[in-house]
Each structure stands twice: as structure tokens, then as C-alpha cells.
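Topology and contacts: notes
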Amino acid sequence: MANIWFDLWHNSFWHGIAGRGITILAEVLIVIVVLLIFVAYATYFERKVLALAQLRMGPNVVGPFGLLQPFADGLKLMVKETIIPAGANRVLFLMAPMLTFTLALVGWAVVPFDDGWVVANINVGILYLFAISSLGVYGIIVAGWASNSKYSFLGGLRSAAQMVSYEVSIGFVIVSVLLTVGSLNLSNIVLAHQPFWMWLLMSPMLVVFFISGLAETNRPPFDLPEGESELVGGFNTEYSAMTFALFMLGEYANMFMISALTTMLFLGGWLPPFGIMVAPLTWIPGILWFIGKICAVMFLFLWVRATLPRFRYDQLMRLGWKIFLPFSLLWVMVIAGVLLATGTLPNPQ
Amino acid sequence: MIETIAFYIFSAVLVASAIMVVFSSNAVHSVLFLILAFFNAAGLFILLGAEFVAMILVIVYVGAVAVLFLFVVMMLDINFSELRKGINTYMPFGIFLGIVLFIELVFLVFQGWVAPPSGGPALAAPAPMLTEISNTRALGQLIYTHYLYVFQVAGLILLVAMIGAIVLTLRHRPGVQRQRISVQINRKRSESMVIRQVSSGAGAPKL
């Protein structure tokens, strides 16, 4: 009897879809859970790095070395009351943090953690990530509008202008990488072998990309959307408890995403540093290299925060439109010219 | 099977959100429904196997154009009763336009898509089969190889529109202090400060 049911199940149309569905669901859960643990510890990491930079101890009370601090914070935010302002647009007010958090998670679907370790290995992976990161602004601008508060609104407007500006130069950086690689697939981008001079030629783009990434994630020195000194808390002034926590988690997940993009586009993803494939380096699994590189870039984010004062808004706009945009446009042309002149323009077919 | 279900979901949400763009009373809600419509259109493109077009739709329309829409609409203080005043004078013309467009669409659907007989040269390079190459590459070949000049002309038209917008909005306001970073960096100590020896009780001499 059981056999018949098994055969029916096995031969049925739904078997393939159900089986694939369960596998994909498991993969998605693993990625999200691991990512959220990393995000939780990124807050701890940030506080420790800032503390070290300012000659303080940082969190050291909850658990050994303060390691349980992220969980204490999470528990606190979960049991606090969510306050919705009287004049707020309730639906959009609650939708905004969910949107930010969801968009910060969906990008990871196309990130290759190791050779073949990717949930969705799609053809246009890099464009997908670019699209997702450009959507991140909606959570903030909707939050600013729905809060019905002047501070929130100003924060939202600042964020919209800032993220649209820096997306342009990020787009040109991605174009220059695509020119050298000839593929939009992230695994292909990581695996593409570049000669050393090409790596040298791309290094200014790495700088442009990283700084634009700081602006894209609203991190210091470009954290004007939540500039405390003039806007109270910017777009998240009115948010409390879990709604605030979702914005926080989204921001850190976005930082990880920019770090992962930097790693995949410029630092060789899961491959050992500089693509040196010699024995002791290749023994380490690719995913550890990937995580290590991401953490190194994350450290840069925190280092910048501990070091630089906030930009003024006109300086921010000047940097984006008058320096990065012309420079990255010019550099795309330089890279295309060099590729054309040396005959190394990729033409995979 | 799954594709069919997805198609109907995307289409239904697309049509519903497009209707809500027109009918919702709040302009910000209209823009948000417009964004939802863009998303579902992107979903339909993916079902057609045009993933590149779908991503570009999201990046350009949702990621940039709709952000600016939202930016402007949020800052407007619209009085809807004021706007509705003229509705009776414009209504007949609007209905007329709608009927014309609808009849054209109906003709298109029932006649099918037919290239004009003079379209021979334009069809010299038909789209390559998607089974052979990815659609990003197919689009690249069409735009940048076969129809490069047409594409460049389209770009120039956009450039003219952009210059026009800048010319219309550019104002030179007097009294704006601009930051010149090169001047700031190139300042020397000798040209910006003077060290004076001041004897006590005498005060600093005038510069």
C-alpha cells in the first residue's frame, strides 16, 4: 500500500516542484539565519571597534566579553512598545521598515558564497543586485513621509537625493567591471582571471565604489538622512521597538551586501587573495575566504565611521555629481580603450 | 503550469494597481501603486525570458524615475477639491481620447502585429533566437551593432531634453558662497596669518 502511494507521489507532477521547493526553502532559511547572526554580531563588532578607536572598553557586561549583548539588545527591542504617531499613515508607517528589511535580505539570493554555492545562479545577477540596492531608498523615503513629522520627512528627502546621486557612479563602476569580465553572472565575475595590470587599472574604481557604497548605505560620513545634530534621528525619529530594529538590521545587512559586492567585483570573492592558488591558501574553504574578505571590508566601514566627521550636504552632492560622476565616466572610457587597444575585450560565446 | 499561474497573478496585480494609480485619492499612494505596477511588469518580462529588460525596468523606472516622482509628489501640497473644479470641462475630451486609444488597441489585438511592406531594410537583422544566446547578448547585438546609429540618435534626443531642462531651471543667484576645495588646500600659512609680538599693557597694533 505504501508503495502505491510512493509511486503516485514519485510520478506525480507535483513531486518535482515540491522537492525543488523544499530544497530552495531550506537554502533560503540557511542563508537568512546565518546572515542574521552575522548582522547581530556586526552591531557588537561595530561597538567594539568604535570603543577601541576611542580608547574605551565597549560592551563587556552581558556574557563573556559582552558577547551576548546583541541578544540582550534584540530582546529589549522586541518587548518594547511600538508607538505609532497619531497623524501617521499607519499602513505605510509599518510597511516602510518591513520593506527595508526585506530588500536587505532578498539581494543575497544571487550571491555566490563558494564555487556553486548560490541559491539562484541567474544570468543577470549583478543587475539584480544593483536593482535591489536602488530600491533600498523606498523604505527610507516612505518612512519619512508616513511618519508625518518634519524631521523624518527631511531625512527621507535627503536620503532620496543622496542615494539617487551615488547610484550613478556605482552604475559606472559596475559597467567597467562588466567590460573587463564580459558577463553579468556573479560567479563568472569572480572566476574571471585578470592580469595584474588590469587589477591595477580597476583599483581607482574600487575606491569610487567603496565611497559610493558608504553613501548608498547611509553610513558615516554620509549619514545625513539621520543626522542627529540637526534632524533628531532623521527618517527613523518616530520609530520605536521592532520597527526601529528592522531599520537597524536592514542597514547592517545592506552594509554586508556592499561588502559582499566589493568582494565579488574587486577582491576575488571566494578565491584566495589576489588569486594566488598555492597549497596552504587553497586548503582553506572558499566560504571562509569569502566571509573573511567581507569582514575586512566591514571593518573599513567602521574604521571610516570612527575617523571621519560628517559631510555637509552640499559637499556630499559636490562629491557625487562633480567628482565621482565625471571621473567614473572617464575611467570607463579609459578601461574600454585599454581593453580595445590590447585586444583583451572579452567575447565569450 | 506554474508559469501560467504566475502570469495571471502578475497581470491581475498589474491591472489592479494601474487602476489604483488613477483612482486613489492620495497622490503619494498613486506613485506607490505605480511602483507596484512596474514591478509586476518586470515579472511579466521575466516570464517572457527577457530578464535583462526586466532588471533595467526595475533599475531605471523604479530605482530612479519613480524615486524622483515620489520626491516631487511628497513635497506638493495638493488641494484635490481645487483640482476637481475643472473636471466637467475636461471630461468629454478625456473620454474621447480614451475611446480613441481603446479602439486603436482593439484593432491592434484583432489585426495582429504586421510590419509595413516598406519595413524590409529595417528587418534585415531580426532578433537572434533566444535558445542560442542569452537575451542580454541578443539585445546588445541589436542595439549596439545593427541599430547603432538609431540608438545614438535616441541618445542625442535625450541629451537635448536634458540640456533644455537645465537651461529652463538654471538660475545664477548672487551672493552664493561656493566652496573651492583646491583654494582651501593650497592656502599657505604666510598668506592667512600674521604673528605679532604684543607688549603687555599696550594692546595689539592696528593691521
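Residues numbered from 1 in each chain as written. Chains lettered and ligands numbered in written order. Predicted model: local features only at pLDDT ≥ 70, side-chain atom pairs only at ≥ 80, totals over all residues. Heavy atoms only, no water.

With 31 residues of chain A at the interface, the matching set in chain B holds 28 residues. Across the interface of chain A and chain B, roughly 2500 Å² is buried in total on both sides, 74% from carbon and sulfur atoms. The tally of links between chain A and chain B comes to four residue pairs in polar contact (both at pLDDT 80 or more). Among the elements of the structure, α2 (13-53), α5 (125-146), α6 (150-181) and α13 (313-342) of chain A are those that each provide at least two residues to the side of chain A that touches chain B. If you tally residues by element for the side of chain A that touches chain B, the top one is α5(A), at eleven residues. Partitioned by chemical class, the residues of the side of chain A that touches chain B number 21 nonpolar, six polar and four charged. (Contact = heavy atoms within 4.5 Å. Buried area = accessible area lost by both parts, 1.4 Å probe. Polar contact = N/O pair within 3.5 Å; in protein donor to acceptor, adjacent residues only side chain to side chain. Helix = DSSP H or I, 4+ residues; strand = E, 2+ residues; numbered from the N terminus. Nonpolar A, V, L, I, M, F, W, Y, C, P; charged D, E, K, R; others polar.)

Turning our attention to the packing of α5(A) against α6(A). All names here are of chain A. Closest axis-to-axis distance for the α5/α6 pair is 8 Å, and the angle between their directions is 175 degrees. Between α5 and α6, the crossing angle belongs to the class labelled roughly antiparallel. Along its contact with α5, which presents I126, F130, S133, S134, G136, V137, I140, I141, G144 and W145, the element α6 presents S152, F153, G156, S159, A160, M163, E167, I170, G171, I174 and L178. Tallied by class, the residues present in the contact of α5 with α6 amount to twelve nonpolar, eight polar and one charged. (Axes fitted to C-alpha atoms, helices over the stretch in contact; angles between N-to-C directions. Parallel < 35°, antiparallel > 145°, perpendicular 65-115°, else oblique.)

Residues and elements named next belong to chain A. In terms of domain boundaries, chain A breaks down into domain 1 (1-78) and domain 2 (80-342). Put simply, the middle of domain 1 and the middle of domain 2, counted by C-alpha atoms, are 21 Å apart. Residue-level contacts link 18 residues of domain 1 with 22 residues of domain 2. With both sides pooled, the region where domain 1 packs onto domain 2 buries about 1900 Å², and carbon together with sulfur makes up 82% of that total. Considering only the side of domain 1, the residues that lose the most area to domain 2 are L35, E46 and L77, jointly responsible for 29% of the buried surface there. Here R305 and E46 are joined by a salt bridge, their closest N and O atoms 2.7 Å apart. Joining domain 1 to domain 2, the criterion identifies four residue pairs in polar contact (both at pLDDT 80 or more). (Domains from an automatic or database assignment. Salt bridge = Lys/Arg side-chain N within 4 Å of Asp/Glu carboxyl O.)

Turning our eyes to something else, we now look at the layout of surface pockets. By volume, the second largest pocket amounts to about 1600 Å³. When contributions to the lining of the second largest pocket are tallied by element, the ones reaching two or more residues are α2, α4 (90-106) and α5 of chain A together with α1 (2-23), α2 (27-47) and α3 (51-75) of chain B. Per-element accounting of the lining of the second largest pocket gives the leading share, ten residues, to α2(B). Its residues assigned to classes, the lining of the second largest pocket comprises 33 nonpolar, six polar and three charged. Split by domain, the residues of the lining of the second largest pocket number at least three in each of domain 1 (1-78) and domain 2 (80-342) of chain A. (1 Å grid on protein atoms, 1.4 Å probe; cavity = no way out; pocket = protein on both sides within 12 Å on 5 of 7 lines; lining within 4 Å. Points joined across faces, edges and corners; volume = space filled by probe spheres on them.)

Let's shift gears to the pattern of salt bridges. Residue and element names in this part refer to chain A. Counted under the stated rule, the structure contains seven salt bridges over all chains. Across the salt bridge formed by D223 and R310, the nearest N and O atoms sit 2.7 Å from each other. One end of the pair, D223, is in the loop between α8 (196-216) and α9 (228-231); the other, R310, is in the loop between α12 (286-307) and α13, with 87 residues separating them in the sequence. On the basis of relative accessibility, which here comes to 7%, the residue D223 falls in the buried class. With a closest N to O distance of 2.8 Å, D314 and R312 form a salt bridge. What makes R312 partly exposed here is its relative accessible area of 44%. A cluster of three or more residues bridged by salt bridges with shared partners is formed by E46, R219, E251 and R305. (Buried < 20%, exposed > 50% of the residue type's maximum accessible area, 1.4 Å probe, protein only.)

This brings us to the packing of aromatic side chains. All names here are of chain A. Under the criterion given, the structure shown has 18 aromatic pairs over all chains. Look at F93 and Y239: their rings are 4.2 Å apart centre to centre, the planes differ by 5 degrees, and that puts the pair in the stacked class. Placement of F93 in helix α4 and of Y239 in the loop between α9 and α10 (241-266) is noted, with a sequence separation of 146 residues between them. Across this residue pair, the class does not change: F93 and Y239 are buried. (Phe/Tyr/Trp six-rings, centres within 6.5 Å; stacked < 30°, edge-to-face > 60°.)

What follows deals with unusual backbone geometry. Glycine aside, the phi torsion of most residues is negative, and most peptide linkages are trans. Residue and element names in this part refer to chain A. A cis amide bond, omega 5 degrees, links P220 with the succeeding residue P221. Take P221: it is sitting in the loop between α8 and α9. Positioned with a positive phi, N148 is a non-glycine residue whose angle comes to about 55 degrees. The residue N148 is located in the loop between α5 and α6 in this model.

A separate point is α8(A). Residues and elements named next belong to chain A. The end-to-end C-alpha separation of α8 is 29 Å, in line with the 30 Å expected for 21 residues at 1.5 Å each. Of the positions making up α8, those classed as buried are M198, L201, M202, M205, V208, F209, F210, S212, G213, L214, A215 and E216. Where the residues of α8 are buried, they touch α5, α6, α10, α12 and α13. (Expected span 1.5 Å × (residues − 1).)

Let us look at empty space enclosed by the protein. All names here are of chain A. Throughout the structure, instances matching the rule amount to two cavities of 30 Å³ or more. Quantified by volume, the largest cavity comes out at close to 160 Å³. Around the largest cavity, the lining comprises 14 residues; the ones closest to its centre are L103, I132, S133, N254 and M257. At the level of elements, α4, α5 and α10 are the ones that each hand at least two residues to the lining of the largest cavity. Ranked by the residues each element gives to the lining of the largest cavity, the list is headed by α5, at four residues. Considered class by class, the residues forming the lining of the largest cavity number seven nonpolar, six polar and one charged. The calculated volume of the second largest cavity comes to roughly 110 Å³.

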